[in-house]
Amino acid sequence: MASKRKRAMIEARGLRMAFAGLTAVDGIDLEVAAGEIFGLVGPDGAGKTTMMRMLCGALTPTGGTARVAGFGVLTQAEEVKRRIGYVPQRLSLYSELTVDENVGFVARVHGVKGRLLEDRRERLLSFSRLGRFRKRLARDLSGGMRQKLALVCALVHEPQVLLLDEPTTGVDPVSRGEFWEILMDLVGRDITILLTTAYLEEAERCARVGLLHRGRLLAEGRPEEIRRELGLELLEVTCEPLAKGREAAAETPGVRWVEAFGDRLHAATRSASEVERPLRAALEAAGVRVTSLRRIQTGLEDAFFELVRRGREEPA
Amino acid sequence: MSESAVEVSGLTKRFGDFAAVEGVSFAVERGEVFGLLGPNGAGKSTTIRMLCGILAPTSGEGRVGGHDVGREPEAVRERIGYMSQRFSLYLDLTTEENLEFYGGIYGVARERLSERIGWALEMAGLEEQRHRLTGELPTGWRQRLALGCALLHEPEVVFLDEPTAGVDPISRRRFWEVIYGLAEAGVACLVTTHYMDEAERCDRVALMYGGRVIALDSPEGLKRQSVAAGLLEVACEEPGRAVALLQKTAGVKRARLYGAGVHVVVSEPATGARLVREALEAAGLRPSRVEAAEASLEDVFVALIQEAEAGGAR
């Protein structure tokens, strides 16, 4: 991906947003290339939504500049609007309109009508597998279907850039998977996507990610770059009882931190090979039954914990 | 008293000719963390609302804390705590004022209230935020405050309906520590979630689809009885294209995005890996890894739902 350097479709320089008494976004530089999918990840209140709203022109930054699709967000707002599709976190659908009517309404706002509207609607609804539900009221759709409809509405004027604010929050795993297949397809058609998500396993699919915390980017790059640069080696422990295992692991020298991931523990170390044996011994000494102890790849969620910890700020 | 904290048998709710919940049965023990999973619209929230005594069942029975949800909704409500992602806190009140307000609503005795508020603040890790306006708190903290409010009257059973939707990983973890603390104290916790890592942390989970429970077991048990054979983990270029390709490849039962890679279920485990590798190579998607994988709860969930869909359950 890095080899073919493409032009930037989203460019932010020192972007800032200060509300009375609170700096929501504190000088962010960001670049997303054409046809790239970029994920912004971070805790609540990190500034993700504020970033999105500045980039789509809904919010005027208090500092810095941003260009989207080659136009200044502040100076050429109309040009930008024509080229972007924005799906806010709170859904923007009309619950009393049908699927068809929602798409038609948004299309007409963008001046898409007549034959062109019919063709695009047909194509987008079949592409998103909503074709069967054209006459259904938006309020009667499931959460996953509503998200797909919002995406279709954002695509009806054929934007070059998509801004999606937590598009899969509260959506079940099956629908989330389908939604991502659609996003991957769009990226294959050279559409640029910037999205925010609280699901770190989804962020792993992005070409690049930015970890946002308190209005600043803690790290930015390809997921594997971020992992590599941390210099962290993870040990996964399956043991019984989990809580006791966690305590014992946390006190083992060489273990930086321990977190429960589902029914397992992740122990972060600088060198997995050096810590593996003392860790097993410590667990056994504490009367914990270890079913498996192995080195695993550092996930983005692990990276996120590590970076926030390094920031040594109070955890959210 | 040997009765379970929650006992549900044949619980059904119809709206007109639409059965939102149909013949659901399960029990939740004291001190158990029980997960209710399923796609949106599967009937999870309707089930919870019946068990909270908010919605009367059409038929079947639900008993919570020993009381019948249809006939004694008041007694049920006194014994439960309920919190959803759409909790209603007063944003222009302080943390402490919200707790005082909800303590009043739940009828916590005056002399007991300050002790309970102290407990709730400590449990939620919000002692230092006691005098802060709720509107200024990050979502994850507000969620813990909402939970504190729902627990002031010391309920025997708590219902948590997507309590962590949209919450970051660190806050989600804090929240689960609180849930475990409650379970240890003997409270029965019934939780809905779309995060499969959270589902893995439940003692048992019930998977709902089309208003019915289609699977119920411990996460380990579910993983054992399902999809174990033929699951492959694939790392390759352009996973989106790989999924589309593999879904059309003969010998592949299922393919979907999983993390940064692809999970594929093949019909013939012995030859499946080679088949997948060849298909990807032919398409220029350069597979760097095709290996047998252990099913996660997410794999199980997707497999069960897709089987139910294919069976035309709804």
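Residues numbered from 1 in each chain as written. Chains lettered and ligands numbered in written order. Predicted model: local features only at pLDDT ≥ 70, side-chain atom pairs only at ≥ 80, totals over all residues.

Turning to the overall build of chain A, a few remarks are in order. The helix and strand inventory of chain A stands at 11 helices and 14 strands. Projected onto the principal axes, the alpha-carbon positions of chain A cover approximately 75 × 45 × 40 Å. Across chain A, the fraction of contacts at a sequence separation of at least 24, relative to all contacts at a separation of at least 6, is 68%. (Helix = DSSP H or I, 4+ residues; strand = E, 2+ residues; numbered from the N terminus. Contact = placed C-beta atoms within 7 Å.)

Note that the residue after E240 of chain A, namely P241 of chain A, is joined by a cis bond; omega there is -10°. Examined against the element boundaries, P241 of chain A turns out to sit in the loop between β11 (233-240) and α9 (242-250). Although it is not a glycine, E166 of chain A adopts a positive phi angle of roughly 45°. Following the sequence through the fold, E166 of chain A ends up in the loop between β7 (161-165) and α6 (173-188). Within the chain, E238 of chain B stands out as a residue other than glycine whose phi angle is a positive 45°. With respect to the helices and strands, the residue E238 of chain B is situated in the loop between β11 (231-235) and α9 (239-247).

A word on helix α10 (residues 272-285) of chain A. Structural remark: α-helix, 3.6 residues per turn; residues separated by three or four positions point the same way. Residue and element names in this part refer to chain A. The end-to-end C-alpha distance of α10 is 20 Å, a good match for the 20 Å that 14 residues give at a rise of 1.5 Å each. All of the buried residues in α10 are A272, V275, L279, A282 and L283. Packed against the buried residues of α10 are β11, α9, β12 (255-261), β13 (264-269) and β14 (289-296). Positive backbone phi, approximately 80°, marks G287, located one or two places after α10. (Expected span 1.5 Å × (residues − 1). Buried ≥ 20, exposed ≤ 12 C-beta atoms within 10 Å, placed from the backbone.)

Here the focus is the interface of chain B and chain A. Listed by partner, the interface residues are 34 residues for chain B and 37 residues for chain A. Mapped by element, the contributors of at least two residues to the side of chain B that touches chain A are α5 (139-151), α6 (169-184), α7 (196-199), α9, β12 (252-258) and α11 (297-310) of chain B. Along the lines of polarity and charge, the residues of the side of chain B that touches chain A split into 15 nonpolar, 10 polar and 9 charged. (Nonpolar A, V, L, I, M, F, W, Y, C, P; charged D, E, K, R; others polar.)

With that settled, consider the sheet that holds strand β4 (residues 59-64) of chain B. Residue and element names in this part refer to chain B. One open sheet accounts for 4 strands, arranged β2-β1-β4-β5; its pairing is antiparallel. Only two strands of the sheet have a single neighbouring strand rather than two, namely β2 (18-28) and β5 (67-68). As paired strands, β4 and β5 are joined by 2 bridges and run antiparallel to one another. Looking at the pairing, V64 lines up with H67 of β5. (Pairing = 2+ DSSP bridges.)

Take the sheet that holds β13 of chain A next. Residue and element names in this part refer to chain A. Here 4 strands make up an open sheet; going across it, the order is β12-β13-β11-β14 and the pairing antiparallel. Of all the strands in the sheet, just β12 and β14 have a single pairing partner and so form its edges. With direction set aside, neighbouring strand axes in the sheet form an average angle of 25°. Pairing geometry for β11 and β14, over 7 bridges, is antiparallel. (Axes fitted to C-alpha atoms, helices over the stretch in contact; angles between N-to-C directions.)

Residue and element names in this part refer to chain B. Where helix α3 (residues 95-105) contacts α5, the two axes come as close as 9 Å, and the packing angle between them is 30°. Taken as axis vectors, α3 and α5 run roughly parallel relative to one another. In terms of crossing hand, the pair formed by α3 and α5 is right-handed. Of α5, the residues touching α3 (which contributes T95, N98, L99 and Y102) are L145, G148 and C149. (Parallel < 35°, antiparallel > 145°, perpendicular 65-115°, else oblique. Left-handed = near helix turned anticlockwise from the far one by under 90°.)

Bringing the packing of α5 of chain B against α6 of chain B into the picture now. All names here are of chain B. In the contact formed by α5 and α6, the axes pass within 9 Å of each other and the chain directions differ by 15°. It follows from the interaxial angle that α5 and α6 lie roughly parallel. Remark: the crossing between α5 and α6 carries right-handed chirality. Mapping the contact onto sequence places G140, Q143, R144 and L147 in α5 and S171, R174, F175 and V178 in α6. Its residues assigned to classes, the contact of α5 with α6 shows 3 nonpolar, 3 polar and 2 charged.

This part is about the pairing of strand β9 (residues 204-209) of chain B. Residues and elements named next belong to chain B. Burial within β9 is extensive, with 5 of its 6 residues counted as buried. As judged from the 4 bridges shared by strand β3 (residues 33-37) and β9, these two strands associate in the parallel manner. Along β9, the bridge assignment pairs L36 with A206. Across 5 bridges, β9 lies against strand β10 (residues 212-217) in antiparallel orientation. Following the sheet pairing, V205 is matched in β10 by D217. Taking the residues between adjacent antiparallel strands as the criterion, β9 and β10 are bridged by 2 residues, where G210 takes a positive phi near 55°.

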